[in-house]
Amino acid sequence: TSGAYVNVFVALAAGSGLRSFEFGADGQVYISRHNVDEVVRYNVATGALTGVFADAADGIDGPTGIAWGPDGHVYIASLNTNNVVVVNASTGAVVRTLSAGSPKDMV
């Protein structure tokens with residue numbers, strides 16, 4: 001409420017390319033790491049890493065944004081492929097990939 005510094009929630013390694021983060025309804029924070037092509041999860045209460053949510057094997061290449069859809073899926077913008085990878089928030093399985101014609105279509 002005061003705007004005063006509290007503490008570091010998560011310390012990522014230098015060069016990991018933090019691009020965005022979102023708090024999930026599941027009590028975790030999701031962080032996109034652009035330079036290592038992955039989205040990782042941390043427990044909001046403890047700050048502990050709980051695992052990789054999505055990575056290059058899922059079609060993530062330069063993740064730059066994360067959003068939750070009304071369908072309960074997580075939408076991950078993948079800059080280097082101009083795609084949005086749709087992932088089931090509960091299972092972590094890729095549901096589909098939405099392709100864009102050009103980077104301006106992603107904005």
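Every value quoted in this text rests on a predicted model; they were computed, and no experiment measured them. (Residues numbered from 1 in each chain as written. Predicted model: local features only at pLDDT ≥ 70, side-chain atom pairs only at ≥ 80, totals over all residues. Heavy atoms only, no water.)

1. Some thoughts on the environment of T50
Consideration 1: One can find T50 in strand β4 (residues 49-55).
Consideration 2: Judged by relative accessible area, which is 41%, T50 ranks as partly exposed.
Consideration 3: In this structure the C-alpha to C-alpha distance between T50 and Q28, which are 22 residues apart in sequence, comes to 8.4 Å.
Consideration 4: Not counting the four nearest positions on each side in its chain, T50 is found in contact with Q28, R41, Y42 and N43. (Helix = DSSP H or I, 4+ residues; strand = E, 2+ residues; numbered from the N terminus. Buried < 20%, exposed > 50% of the residue type's maximum accessible area, 1.4 Å probe, protein only. Contact = heavy atoms within 4.5 Å.)

2. What to know about the confidence of the model for the chain
Consideration 1: For the chain, the mean per-residue pLDDT works out to 83, and 82% of the residues sit at or above 70.
Consideration 2: When mean pLDDT is taken per element in the chain, strand β7 (residues 83-88) scores highest with 94 and strand β1 (residues 18-23) scores lowest with 80.
Consideration 3: Scored below 50 in pLDDT, residues 102-107 makes eight contacts in the model with residues more than four places away or belonging to other chains. (pLDDT = per-residue confidence, 0-100.)

3. Quick notes on the nonpolar core
Consideration 1: Counting eleven residues, the largest nonpolar core consists of Y30, V39, F53, A54, I60, I66, V74, I76, V85, V87 and A89.
Consideration 2: Put simply, the parts of the chain that give this core at least two residues each are β4, β6 (73-78) and β7.
Consideration 3: Residue contacts for V85: discarding those within four places in its chain leaves D58, G59, I60, V74, Y75, I76, V94, R96 and T97. (Core = buried A, V, L, I, M, F, W, Y, C linked by side-chain atoms within 4.5 Å.)

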